[in-house]
Amino acid sequence: MSTTLLALTLNEIEGVKAIMPLINRSWCEQILVVDGGSTDGTTEWCRTMGFEVYVQKRRGIRFAYFEVLPYIRGDVVVTISPDGNCPVSAIPAILSKIREGYDLVIGSRYLGDAKSEDDDFVTAFGNWLFTKTINVLHRGKYTDAMVIYRAFRRDLVYELDLHKEESYALPERLFRTVISWEPLMSVRAAKRKVRVAEIAVGEPARIGGKRKLQILRWGAAYYFQFWRELWYWR
């Protein structure tokens, strides 16, 4: 079972310089940096260090995933943001759970004693509310349904229709934004009752760069999506 690590970047030069060298290349058969159009030297540094780089053509994290899908060679995909928020030392433990037979393994910021050092009151409440909503509406058992730090079978993307534009078009049109697929992956994994595990990872503080969150627009789009999924997808 081969593994592709996707590192999503956008002007993260300080983070990638600190985090990417910590990744043991034996953990994954493919390490692929997916860049949203950095202007701070992120892509140049990554290429100099020998990392495979794909620069997306359309803005937005969902399009980063959509565009890079044909270039993923692994049977399993690990997604991280190399800005310090995703402690890469947990990658072996996450992949170990995948090898146990889980379809989706989440590096939780809130399981057990884990905590986020990057949360403020608004993001902490939002993550709690969204995760609670998914658990209530779709019978999930998550402590962190929103986080980017996760591993999953590549085929799960297609089984859950995460690659289809129609899965996102209405909430994006209503709230004039582009959302990501992690929350929807969590929802549909719960609905389909695939094997899901979480491990306590936590979230260290960001290293440089800026948050890319569109708190109000993303929050509204995701919340609409959670309720829509009650009848939209089976």
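Predicted, not measured: the structure shown is a model, and the values here were computed from it.

About the cut-offs
Residues numbered from 1 in each chain as written. Predicted model: local features only at pLDDT ≥ 70, side-chain atom pairs only at ≥ 80, totals over all residues. Heavy atoms only, no water. Helix = DSSP H or I, 4+ residues; strand = E, 2+ residues; numbered from the N terminus. Rg over C-alpha atoms; globule rule 2.2 N^0.38 Å. Buried < 20%, exposed > 50% of the residue type's maximum accessible area, 1.4 Å probe, protein only. Contact = heavy atoms within 4.5 Å. Areas by Shrake-Rupley, 256 points an atom, 1.4 Å probe, with all protein chains shown as cover. Lys, Arg positive; Asp, Glu negative; His and termini not counted. Charge placed at Lys NZ, Arg CZ, Asp CG, Glu CD. Pairing = 2+ DSSP bridges. Salt bridge = Lys/Arg side-chain N within 4 Å of Asp/Glu carboxyl O. Core = buried A, V, L, I, M, F, W, Y, C linked by side-chain atoms within 4.5 Å. 1 Å grid on protein atoms, 1.4 Å probe; cavity = no way out; pocket = protein on both sides within 12 Å on 5 of 7 lines; lining within 4 Å. Points joined across faces, edges and corners; volume = space filled by probe spheres on them. Nonpolar A, V, L, I, M, F, W, Y, C, P; charged D, E, K, R; others polar.

1. Points about the overall build of the protein chain
In terms of regular secondary structure, the protein chain is built from nine helices and seven strands. Its C-alpha atoms give the protein chain a radius of gyration of 16 Å, within 12% of the compact-globule value 17 Å for 234 residues. Overall size of the protein chain, expressed as C-alpha extent along the three principal axes, is 50 × 40 × 35 Å. Relative to its full complement of 234 residues, the protein chain shows a buried share of 56%. Sequence-distant contacts in the protein chain: of pairs separated by 6 or more residues, those separated by 24 or more amount to 80%. With an accessible surface of roughly 10,800 Å², the protein chain has 55% of that area assigned to carbon and sulfur atoms. One way to put it: in the protein chain the 33 positive side-chain charges average out to a point 5 Å from where the 28 negative ones average out.

2. Overview of the pairing of strand E5 (residues 104-108)
Most of E5 is tucked away, with five of its five residues classed as buried. Judged by which residues are buried, E5 turns out to be covered on both faces: Leu104, Ile106 and Ser108 on one side and Val105 and Gly107 on the other are all buried. Inspection of the sheet shows E5 paired to strand E6 (residues 150-153) by three bridges, in the antiparallel sense. When the sheet's bridge partners are listed, Ile106 is paired in E6 with Arg150. As paired strands, E5 and strand E7 (residues 196-200) are joined by five bridges and run parallel to one another. Looking at the pairing, Val105 lines up with Ala197 of E7.

3. Some details on the pattern of salt bridges
A full pass over the atoms with the stated rule returns 13 salt bridges. The closest approach of N and O atoms between Arg206 and Asp83, which form a salt bridge, is 3.0 Å. One end of the pair, Arg206, is in the loop between E7 and helix H9 (215-232); the other, Asp83, is in the loop between strand E4 (76-80) and helix H4 (91-99), and 123 residues separate them in sequence. Under the relative-accessibility criterion, Arg206 is labelled partly exposed at 21%. Residue classification places Asp83 among the buried residues on the basis of a relative accessible area of 2%.

4. Side note on the nonpolar core
Ranked by size, the top nonpolar core spans 71 residues in total, and within it Leu6, Met20, Ile80, Tyr149 and Trp181 carry the most contacts. Broken down by element, this core gets its largest block of residues, five residues, from helix H8 (residues 182-192). Not counting residues within four places of it along the chain, the set of residues in contact with Met20 comprises Ala7, Gly15, Ile31, Val33, Trp45, Phe51 and Pro82.

5. Considerations on the layout of surface pockets
Here the second largest pocket is characterised by a volume of approximately 230 Å³. The wall of the second largest pocket is formed by Arg139, Gly140, Lys141, Tyr142, Ala189, Ala190, Lys193, Val194, Val196, Ala197 and Glu198. If you list the elements that add at least two residues to the lining of the second largest pocket, you get H8 and E7. Among the elements that line the lining of the second largest pocket, the one with the most residues is E7, at three residues. A class-by-class count of the residues in the lining of the second largest pocket yields six nonpolar, one polar and four charged.

6. Quick notes on the pairing of strand E1 (residues 3-9)
Counting buried residues along E1, seven of its seven residues qualify, which places the element largely inside the surrounding structure. Neither face of E1 is left uncovered, since the one carrying Thr3, Leu5, Ala7 and Thr9 and the one carrying Thr4, Leu6 and Leu8 both have all their residues buried. Relative to E4, E1 is paired through five bridges, and the arrangement is parallel. Bridged to Leu5 within E4 is Val78.

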